[in-house]
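# Descriptive structure summary
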Amino acid sequence: MKKIRGVNLGNWLVLEKWMQRRLFEGVDAQDETDLCNMLPEAEKLARLKVHRDTFITYEDIRSIRAYGMNLVRVPVPHFIFGDDPRWCEPYVPCIEYLDQLFEWCGELGLGVLIDLHTVPGSQNGFDNGGICGICEWHKKPENIERTLAVLEMLAKRYQKHPALYGIQLLNEPIEESMLASTLKKYPARDPERAKQSEAVPTDLLRKFYIDGYFRLRKYLDEDRAIVFHDGFRLKEWAGFMQGAEYRNIMFDTHIYDSMNGPAKREPMPYSYYAKLLEEHGRELVYMRQFFPVIVGEWSLMHFVPDKESFSDWEMKLSYRIMADLQLHTWERYSDGWIFWSYRVIYPDNRTNPGWSLKDCIRKDWFPHEWSGL
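Predicted model, so just to flag it, every value in this text is computed and none were measured. (Residues numbered from 1 in each chain as written. Predicted model: local features only at pLDDT ≥ 70, side-chain atom pairs only at ≥ 80, totals over all residues. Heavy atoms only, no water.)

Turning our attention to the overall build of the chain. Within the chain one finds 13 helices and eight strands. Taken over the C-alpha trace, the chain has a radius of gyration of 20 Å; the compact-globule value for 373 residues is 21 Å, and the two agree within 12%. Along the first, second and third principal axes, the C-alpha atoms of the chain reach 55 × 55 × 45 Å. In the chain, which comprises 373 residues, the share counted as buried stands at 58%. A separation of at least 24 residues holds for 76% of the contacts in the chain among residues at least 6 apart in sequence. Of the roughly 15,900 Å² that the chain leaves accessible, carbon and sulfur atoms contribute 51%. (Helix = DSSP H or I, 4+ residues; strand = E, 2+ residues; numbered from the N terminus. Rg over C-alpha atoms; globule rule 2.2 N^0.38 Å. Buried < 20%, exposed > 50% of the residue type's maximum accessible area, 1.4 Å probe, protein only. Contact = heavy atoms within 4.5 Å. Areas by Shrake-Rupley, 256 points an atom, 1.4 Å probe, with all protein chains shown as cover.)

Below is the structure:
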């Protein structure tokens, strides 16, 4: 495949409350685990069916292709198959939707990167890990083995499908310096359980990635990529998995810190972002000595000032500058990029639409020369 230019399908098969708050109406749930525990069974099934049927459709995938993208990264949960109540309750499985996505993408000529986004016990304590404030996946060998088994099931199911670009072993396993702030930002439903949370050690993560690579290669030919995330410790992976036995491995890093000014609720000057992105570029170049590197998640600015203090023209210009700066960096220094995310349903007009590719295209904030428009 050419340089990756793609978009994530966030909040479709793995829920993130901030991306569609109305899905959580009526219950005090902050994550998918809470939601599935709190809703009555019939309502849970009905609500999630409506969401999955409508949040991403064939027309959306066709639009992504028309935008000039060549790949979608689809976050999937560990319970996707619904094959074992011990691991899959109280959740609602969703493998039929991934099957449908493959058919759509096969028809339209898009590659699919399957991203295992949640695992039992959570690998990060984020809401996108399925359960806020908990990070204990790696503390139980049975959790890790179950994760490897799910990866194998995914590889076996899609190994021959022409749309399969590859499989990502695990999304955003957290490291030590981030853990305390993460647990504070995403408080757990059960504070006592949260006290048992620990960051994912690098040595354990290395072993998991190696085991995952060989478990997937039993099914996947070498033309299918196996992707691993840096776990927010980018340079620790220098020289990892460099032997001849490792083929078509891709390194994924997520870069979000170039969109916000430091503790200021206002746009930052061009020079501020340019300096940040120059630093990111050097890091990407360094890691490309060892692997092809993708920026698997990024977005535009996190915050938009009140309309009274920022005109529509200034808004558009600011977003276009931020998009162009980042895209220039990713295009020049990486092997591809995947925007987060295709669609976000905002609760009001003041919430920043810089996370939604669909809205960025509609508002003409995403430069046409990068998307193929």
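Counted as a void, the largest pocket has a volume near 1,100 Å³. As for the largest pocket, its lining consists of 33 residues, of which Phe-126, Lys-185, Tyr-186, Tyr-256 and Trp-355 are closest to the centre. Listing elements by their share of the lining of the largest pocket, those giving two or more residues are helix H7 (176-185), strand S6 (249-254) and helix H10 (270-287). Classifying every residue of the lining of the largest pocket by side-chain character gives 12 nonpolar, 10 polar and 11 charged. (1 Å grid on protein atoms, 1.4 Å probe; cavity = no way out; pocket = protein on both sides within 12 Å on 5 of 7 lines; lining within 4 Å. Points joined across faces, edges and corners; volume = space filled by probe spheres on them. Nonpolar A, V, L, I, M, F, W, Y, C, P; charged D, E, K, R; others polar.)

Of note, His-254 is situated in strand S6. Here His-254 falls in the buried class, since its relative accessible area comes to 10%. The residues contacting His-254, other than those within four sequence positions of it, are Arg-73, Asn-171, Glu-172, His-229, Gly-296 and Glu-297. There is a polar contact of 2.7 Å between the side chain of His-254 and the side chain of Glu-172. At 3.4 Å, the side chain of His-254 and the side chain of His-229 are in polar contact. (Polar contact = N/O pair within 3.5 Å; in protein donor to acceptor, adjacent residues only side chain to side chain.)

With 91 residues, the main nonpolar core has Leu-98 and Leu-101 as its most contacted residues. If one sorts the elements of this core by residue count, helix H5 (residues 95-108) sits on top with eight residues. When near neighbours in sequence (up to four residues on either side) are disregarded, Leu-98 contacts Leu-13, Val-74, Val-76, Ile-80, Ile-114, Leu-154 and Tyr-158. Of all hydrophobic cores here, the second largest spans 13 residues; its members include Leu-23, Ala-29, Tyr-91 and Val-92. (Core = buried A, V, L, I, M, F, W, Y, C linked by side-chain atoms within 4.5 Å.)

Moving on to the packing of aromatic side chains. A full pass over the atoms with the stated rule returns 29 aromatic pairs. Summarising the aromatic geometry, the rings of Phe-214 and Tyr-246 are spaced 5.5 Å apart at their centres and angled 45° between planes, so their arrangement reads as tilted. Taken together, the positions of Phe-214 in helix H9 (residues 202-217) and Tyr-246 in the loop between strand S5 (225-229) and S6 put the pair 32 residues apart, joining distant regions of the chain. Given the relative accessible area of 39%, Phe-214 is considered partly exposed. Geometrically, the ring pair formed by Phe-339 and Phe-366 is edge-to-face, given 5.8 Å between the ring centres and 85° between the ring planes. A residue pair is termed long-range when its members are at least 10 positions apart, and Phe-339 in strand S8 (residues 336-339) and Phe-366 in the loop between helix H12 (357-362) and helix H13 (368-371) qualify at 27 residues. Judged on exposure class, the residue Phe-339 and its partner Phe-366 are both buried. Among the aromatic residues, those joined into a cluster by ring pairs are Trp-137, Phe-208, Tyr-209, Phe-228, Trp-237, Phe-240, Phe-251 and Phe-291. We note Lys-235 situated over the ring of Tyr-286; from NZ or CZ to the ring centre the distance is 5.4 Å. (Phe/Tyr/Trp six-rings, centres within 6.5 Å; stacked < 30°, edge-to-face > 60°. Lys NZ or Arg CZ within 6 Å of the ring centre and 35° of its normal.)

Interhelical geometry of helix H6 (residues 141-158) versus H9 gives an angle of 30° and a closest axis separation of 10 Å. It follows that H6 is roughly parallel to H9 by the angle criterion. Seen from above, H6 lies across H9 with right-handed handedness. Between H6 and H9, the residues in contact are Ile-144, Glu-145, Thr-147, Leu-148, Ala-149, Leu-151, Glu-152 and Ala-155 and Leu-204, Phe-208, Asp-211, Gly-212, Arg-215 and Leu-216, respectively. (Axes fitted to C-alpha atoms, helices over the stretch in contact; angles between N-to-C directions. Parallel < 35°, antiparallel > 145°, perpendicular 65-115°, else oblique. Left-handed = near helix turned anticlockwise from the far one by under 90°.)

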